[in-house]
Amino acid sequence: MANDTRARILETTGLLLRQRGYHGTSLNDILSASAAPRGSLYFHFPGGKDQLAIEVTRASVAEVTERLGAALAAEDDPAVSVRHIYQSVATMLEENQFSLGCPIAPVVLDSPTPELAELCRSAFEQWIGLLRQAFVRAGVPERRAQALALLVESSLEGLMVIARATRDHGPLTAVADEVTALVEAAVRAGKAAEREEATV
């Protein structure tokens, strides 16, 4: 029962943070939405709201990192992986009726505590790094791979906001076509350069 209460509080906090951000989510909101006794909240989370936000954000980051890594590892062609990532984000938005986007974006925009800010910074670094590594493995030069990784991550973040505002995941599909074409071109150019170097 205690573990159920703890899990319920964490799940509720995660949803509220994604919907309202850090400053828009109060302990009273969490208690009300989770139907948990105030004493249980402080028993499981003596650090209060900050501890809750950190635990929830850390778990969300780990989940996204695992899914992103798996998506990129599933295909030899990173362009195919990138298209699947855009598609999965579109599906996620549709399934939650455009009520939830990136789990850390609302926290970042709220100028959170230093620990939360560092957690968010590290998350973006990890996600961009995973994309960059996939592009480099496919033959894209490091500098171009980094720029492409930044482009993919930043477009996904922005498109989630646009999709939520318009309640339409069409923009994700449109941009996926453009970004996929860029990745395909970068991979072709990288492989051509490798072949040219091998013949010199």
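Just above sits the structure.
Read on for a plain summary of the structure. (Residues numbered from 1 in each chain as written. Predicted model: local features only at pLDDT ≥ 70, side-chain atom pairs only at ≥ 80, totals over all residues. Heavy atoms only, no water.)

**Some details on the overall build of the protein**
Reasoning step 1: Per the secondary structure count, the protein includes 9 helices and 0 strands.
Reasoning step 2: Counting from the amino terminus, the protein carries its helices and strands in the arrangement α-α-α-α-α-α-α-α-α.
Reasoning step 3: Here the C-alpha coordinates of the protein stretch approximately 70 × 30 × 30 Å along the principal axes.
Reasoning step 4: For the protein, with 200 residues in total, the buried portion stands at 42%.
Reasoning step 5: When the accessible surface of the protein is split by element, carbon and sulfur atoms take 55% of a total near 10600 Å².
Reasoning step 6: With 19 positive and 26 negative side-chain charges, the protein shows a separation of 3 Å between the mean positions of the two kinds. (Helix = DSSP H or I, 4+ residues; strand = E, 2+ residues; numbered from the N terminus. Buried < 20%, exposed > 50% of the residue type's maximum accessible area, 1.4 Å probe, protein only. Areas by Shrake-Rupley, 256 points an atom, 1.4 Å probe, with all protein chains shown as cover. Lys, Arg positive; Asp, Glu negative; His and termini not counted. Charge placed at Lys NZ, Arg CZ, Asp CG, Glu CD.)

**Some thoughts on helix H7 (residues 114–137)**
Reasoning step 1: Across its 24 residues, H7 extends 34 Å between first and last C-alpha, which sits within 8% of the 34 Å expected from 1.5 Å per residue.
Reasoning step 2: Buried within H7 we find Leu 116, Leu 119, Cys 120, Ala 123, Trp 127, Ile 128, Gly 129, Leu 131, Ala 134 and Phe 135.
Reasoning step 3: Following H7 by one or two positions, Gly 139 adopts a phi angle in the positive range, close to 105°. (Expected span 1.5 Å × (residues − 1).)

**What to know about the environment of Ile 9**
Reasoning step 1: For Ile 9, the position within the fold is in helix H1 (residues 2–20).
Reasoning step 2: With a relative accessible area of 0%, Ile 9 lands in the buried category.
Reasoning step 3: Along the chain, Ile 9 and Ala 33 lie 24 residues apart, while their C-alpha atoms are 8.6 Å from each other.
Reasoning step 4: Discounting chain neighbours no more than four positions away, the residues touching Ile 9 are Ile 30, Ser 34, Ala 36, Ser 40, Leu 41, Phe 45 and Leu 52. (Contact = heavy atoms within 4.5 Å.)

**Looking at the packing of aromatic side chains**
Reasoning step 1: Counted under the stated rule, the structure contains 1 aromatic pair.
Reasoning step 2: Over the aromatic face of Tyr 22 sits the side chain of Lys 49, whose NZ or CZ is 4.3 Å from the ring centroid. (Phe/Tyr/Trp six-rings, centres within 6.5 Å; stacked < 30°, edge-to-face > 60°. Lys NZ or Arg CZ within 6 Å of the ring centre and 35° of its normal.)

**What about the environment of Arg 8?**
Reasoning step 1: When you line up the elements, Arg 8 lands in helix H1.
Reasoning step 2: A sequence separation of 86 residues divides Arg 8 from Glu 94, and the C-alpha atoms of the two residues are 24 Å apart.
Reasoning step 3: Beyond its immediate stretch of four places on either side in the chain, Arg 8 contacts Ser 34, Ala 35 and Ala 36.
Reasoning step 4: In this structure the side chain of Arg 8 is engaged in a polar contact, spanning 2.6 Å, whose partner is the backbone oxygen of Ser 34. (Polar contact = N/O pair within 3.5 Å; in protein donor to acceptor, adjacent residues only side chain to side chain.)

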